[in-house]
Amino acid sequence: MTAADRTLVLVTEATGRSGAGHAMRLGTLAAAWKRRGGRAVVIGAIELDFVQERYRGLGIEASDDGADLASDVVVVDSYDAATRFAWSKRSGYGLRVLVDDTADGDLPRGFDVVWNPNAYGSASMYVNSPAVVLAGVDYLAIREGLPRWASAGQTEILVTLGGGVPSQVLVESMYRLDALLDSEDFVATGDWAPPRWRRISADRLWAEVPNARQLLVAAGTTVWEAAAVGIPVILLMTADNQRLVYRWGRDAAIPGINTLLVDAEFLAHQLRSLLAVPSPLPAVADGTDRVVGRLIELLTSKGAVHATS
């Protein structure tokens, strides 16, 4: 069995509230699926412009609720407990996959596979789940075509705070940082940036790497792409669900700060110090071809069991 003529359904969203990480990593999975000749469909609110553009470029179709789809694999990437539970019970899918970052609480029964696409992930996080676990550095989702950073006297500092709306503390701290380092050249993704900073769209982030000497980055899914690119970083934990990514980076001696515990003034002064000592993350590579291969294997074996039962 291959992915040819088989449908992968993505259940996710990309909004100002949820950010882009869920949808972007599923887009990378869909790209790997489509390279093997399959079809990809998304169910959910994809509202962020750069995510919409990426999905269009990948040829990912949209569906309202999937009721009209005969799907082979459905992949659910959401923190919402109700969404997870509802999709764990929906029939008509050969394989149901839950994307999980944290292993907090009991996962809903009914999923055949749990995929933790983070370098810190491991099967030991899911010992109480009957699902097949795909987790860790071998199963990351890192998009194709990223550049490699090479130090060549760059001056600009790249800043990305994620695809969602940054907190008021974060925004205020960036304005204070601008005042503290008014001779530095900053480039930021988003309209929240101080007026002096050069602003770029989120989809231009990696295109700016040749001009940048370092990256100030929220500790979300972008961290794995930064690790693949090799650019020196400072990590910002900007939400509680980033704590394991942030911890992984700190365990690797990457400078960073938990922005949830400090005020804007303290954060600005800490960042001024940390920007003097950025460090590259441990090198990683995309593992979505491996994920697709395992899903096809599981779909094949499950079909064989049904055929003989």
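Each remark here, short or long, concerns the structure printed above.
This text gives an overview of the structure that appears in the document. (Residues numbered from 1 in each chain as written. Predicted model: local features only at pLDDT ≥ 70, side-chain atom pairs only at ≥ 80, totals over all residues. Heavy atoms only, no water.)

### Topic: the pattern of salt bridges
A side chain of one charge can pair with a side chain of the opposite charge if their charged atoms are brought near each other.
Move 1: Considering all chains together, one arrives at 18 salt bridges under this definition.
Move 2: Among the salt bridges present, the one from R143 reaches E225, with a minimum N-O distance of 2.7 Å. One end of the pair, R143, is in the loop between β7 (132-135) and β8 (156-160); the other, E225, is in helix α5 (residues 222-229), and 82 residues separate them in sequence.
Move 3: By relative accessible area, R143 is classed as partly exposed at 22%.
Move 4: If you follow the salt bridges from partner to partner, you end up with E156, R198, R204 and E208 in one network. (Salt bridge = Lys/Arg side-chain N within 4 Å of Asp/Glu carboxyl O. Helix = DSSP H or I, 4+ residues; strand = E, 2+ residues; numbered from the N terminus. Buried < 20%, exposed > 50% of the residue type's maximum accessible area, 1.4 Å probe, protein only.)

### Quick look at the packing of helix α4 (residues 168-180) against helix α7 (residues 264-274)
Move 1: It is the contact of α4 with α7, at a shortest axis distance of 8 Å, that shows an interaxial angle of 50°. By the angle class used here, α4 and α7 are oblique. Between α4 and α7 the crossing geometry is right-handed. Residues V169, L170, E172, S173, M174, R176, L177 and L180 of α4 touch α7, and the partners they reach there are A264, E265, L267, A268, H269, L271 and R272. (Axes fitted to C-alpha atoms, helices over the stretch in contact; angles between N-to-C directions. Parallel < 35°, antiparallel > 145°, perpendicular 65-115°, else oblique. Left-handed = near helix turned anticlockwise from the far one by under 90°. Contact = heavy atoms within 4.5 Å.)

### Examining the packing of helix α1 (residues 21-35) against helix α2 (residues 49-58)
Move 1: Contact geometry of α1 with α2 gives a least axis separation of 10 Å together with a crossing angle of 5°. Relative to α2, the element α1 lies roughly parallel. Where α1 abuts α2, its residues A23, M24, L26, G27, T28, A31 and K34 lie against F50, V51, R54, Y55 and L58.
Move 2: Partitioning the contact of α1 with α2 into residue classes produces 8 nonpolar, 2 polar and 2 charged. (Nonpolar A, V, L, I, M, F, W, Y, C, P; charged D, E, K, R; others polar.)

### Focus: the pairing of strand β11 (residues 212-218)
Move 1: Along β11, 6 of the 7 residues are buried, which leaves the element largely enclosed by surrounding structure.
Move 2: Inspection of the sheet shows β8 paired to β11 by 5 bridges, in the parallel sense. Residue pairing in the sheet places T160 in a bridge with V217 of β11.
Move 3: Once you follow β11 into α5 and on to strand β12 (residues 233-237), the crossover reads as right-handed. (Pairing = 2+ DSSP bridges. Right-handed = clockwise from strand over helix to strand, strands pointing away.)

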